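Residue-level listing of the chains:
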Amino acid sequence: TVVPLSGPIQGGTSVTLGGANLGACGNERCSCVFGQAAVGMTRVTESSVACTSPAGSAGTTSVMSISFSLGQSQQLVDPVTSSAFEFNFYTPVTFALSSDLVIQGITATLEILPVGGQSFFSGGSAAVLLSSDSGSTKVGVSVKSGGTSAIFDVSSLQPAQYNVSLAENGVDFARSPSNVFTVVALPTLQLGQPASGPRTEEVRTSI
């Protein structure tokens with residue numbers, strides 16, 4: 001297994017490869033290989049290894065493998081089976097929100113729209129990170145066919161201002177554009193005093 005299966009072109013994505021008997025990769029004996037680019041491992045256990053993706057070109061699919069050093073020679077080994085794993089590079093889109101205001105209990109979803117003729121990468125598990133003064137919440141994103149727009153749920157959010165970071169692969173929020181919206185409580189009216197007056201006279205009241 002490979003998680004995630006994609007990352008932004010500038011690199012820096014933490015990628016985990018799952019398998020068996022991977023403990024032998026300790027002591028810097030192994031490297032992760034993205035196509036032809038080899039990078040060091042950042043974590044090694046018996047069942048998984050982790051590494052950081054290098055920079056790549058948009059739309060490029062790199063076949064992933066593990067390079068295992070045996071003395072003066074190196075042998076490429078697949079961590080699970082003989083089938084190839086693929087890692088896709090994408091350009092993070094700049095986006096706008098369909099609205100910068102959400103009414104609590106009324107607005108159910110917000111739409112995310114790419115700008116400048118871009119399209120969302122549709123090969124990942126897109127998500128947004130909603131950050132406010134009280135903390136951060138990760139919310140899944142549904143990307144429409146063709147990558148022309150996406151939506152996420154806002155129905156359970158409390159009143160606050162939220163910074164929205166979008167990660168098209170579900171993990172790389174720090175390297176993605178952001179935007180802001182505000183959730184407000186539904187306005188209500190309370191009749192002040194007096195609550196009534198003569199029909200023929202002007203009466204001042206407060207609400």
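Residues numbered from 1 in each chain as written. Predicted model: local features only at pLDDT ≥ 70, side-chain atom pairs only at ≥ 80, totals over all residues. Heavy atoms only, no water.

**Q** Residue-level account of the state of the cysteines, with values.
**A** With the rule as written, the count across this model stands at two disulfides. Disulfide partner of Cys25: Cys30, at an S-S distance of 2.2 Å. For the disulfide bridge between Cys25 and Cys30, the dihedral angle about the S-S bond is near -70 degrees, and by the sign convention the bridge is left-handed. Grouping residues by exposure puts Cys25 and Cys30 together as buried. (Disulfide = S-S within 2.5 Å. Buried < 20%, exposed > 50% of the residue type's maximum accessible area, 1.4 Å probe, protein only.)

**Q** Give me the nonpolar core: which residues, what numbers.
**A** Ranked by size, the top nonpolar core spans 21 residues in total, and within it Ile112, Val128, Leu130, Val141, Phe152, Leu166 and Phe181 carry the most contacts. Only strand E10 (95–97), strand E12 (109–114), strand E13 (127–132), strand E16 (150–153), strand E17 (160–167) and strand E18 (178–184) provide two or more residues apiece to this core. Tallying contributions element by element places E17 first for this core, with three residues. In this structure, Leu22, Val49, Met64 and Phe87 belong to the second largest nonpolar core, which totals 18 residues. (Core = buried A, V, L, I, M, F, W, Y, C linked by side-chain atoms within 4.5 Å. Helix = DSSP H or I, 4+ residues; strand = E, 2+ residues; numbered from the N terminus.)

**Q** Which residues make up the sheet that holds strand E14 (residues 135–140), and what values do they have?
**A** One open sheet holds the five strands; their spatial order is E11-E18-E17-E13-E14, and the pairing between them is mixed. The two strands at the open ends of the sheet, each matched to only one other strand, are strand E11 (101–103) and E14. Within the sheet, the average angular offset between the axes of one strand and its neighbour, ignoring direction, is 30 degrees. Sheet topology note: the E17/E18 ladder contains six bridges and is antiparallel. Bridging across to E18, Gln161 finds its partner in Thr182. (Pairing = 2+ DSSP bridges. Axes fitted to C-alpha atoms, helices over the stretch in contact; angles between N-to-C directions.)

**Q** A description of the environment of Met41 should follow, citing residues and the corresponding values.
**A** Here Met41 is to be found in strand E5 (residues 37–44). For the pair formed by Met41 and Cys30, sequence separation is eleven residues and the distance between their alpha carbons is 7.1 Å. Discounting chain neighbours no more than four positions away, the residues touching Met41 are Cys25, Cys30, Ser31, Cys32, Val49, Ala50, Cys51 and Ile66. (Contact = heavy atoms within 4.5 Å.)

**Q** Hey, could you go over the sheet that holds E12 for me, with residue numbers and the actual values?
**A** Strand order in the open sheet made by the four strands is E10-E12-E16-E15, with antiparallel pairing throughout. The open sheet is flanked by E10 and strand E15 (142–143), the only strands paired with a single partner. Two strands pair when backbone bridges link them, and E15 and E16 are joined in this way by two bridges, in the antiparallel orientation. Bridge pairing links Ser142 to Ile151 in E16.

**Q** Go over unusual backbone geometry with me, naming the residues and quoting the values.
**A** A cis amide bond links Val3 to the next residue, Pro4, at an omega of -10 degrees. Relative to the helices and strands, Pro4 is located in the loop between strand E1 (2–3) and strand E2 (6–8). One non-glycine residue, Asn21, adopts positive backbone phi at about 55 degrees. Residue Asn21 is classed as exposed on the basis of its relative accessible area of 65%.

**Q** Requested: an account of the side chain of Ser48, with residues and values cited.
**A** With respect to the secondary-structure elements, Ser48 resides in strand E6 (residues 48–52). You can call Ser48 buried: its relative accessible area is 13%. Beyond its immediate chain neighbours, meaning those up to four positions away, Ser48 contacts Thr16, Leu17, Gly18, Leu22 and Arg43.

**Q** Describe the environment of Val183, listing the residues and the values that go with them.
**A** Mapped onto the elements of the fold, Val183 is located in strand E18. With relative accessibility at 3%, the residue Val183 sits in the buried group. Once the C-alpha coordinates of Val183 and Gly105 are considered, the two residues, 78 residues apart in sequence, prove to be 9.9 Å apart. Val183 has contacts with Val102, Gln104, Leu157, Gln158, Pro159, Ala160 and Tyr162, leaving out every residue within four places of it along the chain.

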